[in-house]
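Each chain, letter by letter, is given below.
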Amino acid sequence: TLSLWGCRGAGSRPVVFIGPAWLPEHKVRIRKEGSRKMSDHSMAVAGIDTGKGKLHVCLLPEGERFSVDNTGAGIATLVARCRAAGVRRAGIEATSIYHRAAAQALREAGIETAELQPRQARGLAVALLRRAKNDVIDAFVIARLVEVLNGPWKQPPAAHLEALAEALTFID
């Protein structure tokens, strides 16, 4: 029978549970040789939290975080830093129209860019138990989401369709 003190057989004294070491299972290796190989070859990604005035960026796997203005000069700085870090994929939060210029600049620089809905990032944040919400955490969660997502990534709509979409959004 099982008690708070451990397993007790018929007519035997209770055994105090002191940890999993007393169990008869085989010992399991905690660290496997070569386990560092994955981090050596992982792809550099960027997560970008979009705001009207600022873009908050997290670069993984390095964990570098920075902010730039959501202007032409700030976006040029963002592209330059992403290129310098060897970023191949970026995810940017699709917030109204504020993300479009940065997403277009990243695509023109040859960086695969996904425009992610805020709900996608929030879902991953809940799964990662990141209950707090601020721009820095959001950028990190978006970067992790980019690491998890596999292609093919949805291509942006044609320019003439974007203008139509803006008009329809305004009507809604």
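Description of the structure in this document. All of these numbers come straight from a predicted model, not from anything done at the bench.

**Thoughts on the packing of helix H4 (residues 118–127) against helix H5 (residues 135–148)**
So, step 1. Where H4 contacts H5, the axes come no closer than 9 Å and their chain directions differ by 90°. Relative to H5, the element H4 is oriented roughly perpendicular. Note on element contacts: H5 touches H4 through Asp138, Val141, Ile142, Arg144 and Leu145, opposite Gln120, Ala121, Arg122, Leu124 and Ala125.
So, step 2. For the contact of H4 with H5, the per-class residue count stands at six nonpolar, one polar and three charged.

**Quick look at the packing of helix H2 (residues 72–84) against helix H3 (residues 100–108)**
So, step 1. Orientation of H2 relative to H3, taken along the N-to-C sense of each, is 40°, at an axis distance of 10 Å. The crossing of H2 and H3 is right-handed. Every residue of H3 that contacts H2 at Ile75, Leu78, Val79 and Cys82 is listed here: Ala101, Ala102, Ala105 and Leu106.
So, step 2. Looking at the contact of H2 with H3 residue by residue, the class counts come to eight nonpolar, no polar and no charged.

**Examining the nonpolar core**
So, step 1. Ile48, Leu55, Leu59, Leu78, Cys82, Val87 and Leu106 are the most contacted members of the largest nonpolar core, which totals 21 residues.
So, step 2. Secondary-structure elements contributing two or more residues to this core are strand S3 (45–50), strand S4 (54–60), strand S5 (64–69), H2, strand S6 (89–93) and H3.
So, step 3. When residues no more than four places from it in sequence are discounted, the contact partners of Val87 are Ala44, Val45, Ala46, Leu59, Cys82 and Ile111.
So, step 4. Counting residues in hydrophobic clusters, the runner-up holds 16 residues, among them Cys58, Leu60, Leu124 and Ala139.

**Here we look at the pairing of S6**
So, step 1. Counting buried residues in S6 gives five out of five residues, a clear majority hidden from the surface.
So, step 2. Alignment of S3 against S6, held across four bridges, turns out to be parallel. Its bridge partner lying in S6, Val45 is registered against Arg89.
So, step 3. Inspection of the sheet shows S6 paired to strand S7 (residues 112–116) by five bridges, in the parallel sense. By the bridge assignment for S7, Ala90 is matched with Thr113.
So, step 4. Once you follow S6 into H3 and on to S7, the crossover reads as right-handed.

Cut-offs used in this document
Residues numbered from 1 in each chain as written. Predicted model: local features only at pLDDT ≥ 70, side-chain atom pairs only at ≥ 80, totals over all residues. Heavy atoms only, no water. Axes fitted to C-alpha atoms, helices over the stretch in contact; angles between N-to-C directions. Helix = DSSP H or I, 4+ residues; strand = E, 2+ residues; numbered from the N terminus. Parallel < 35°, antiparallel > 145°, perpendicular 65-115°, else oblique. Contact = heavy atoms within 4.5 Å. Nonpolar A, V, L, I, M, F, W, Y, C, P; charged D, E, K, R; others polar. Left-handed = near helix turned anticlockwise from the far one by under 90°. Core = buried A, V, L, I, M, F, W, Y, C linked by side-chain atoms within 4.5 Å. Buried < 20%, exposed > 50% of the residue type's maximum accessible area, 1.4 Å probe, protein only. Pairing = 2+ DSSP bridges. Right-handed = clockwise from strand over helix to strand, strands pointing away.

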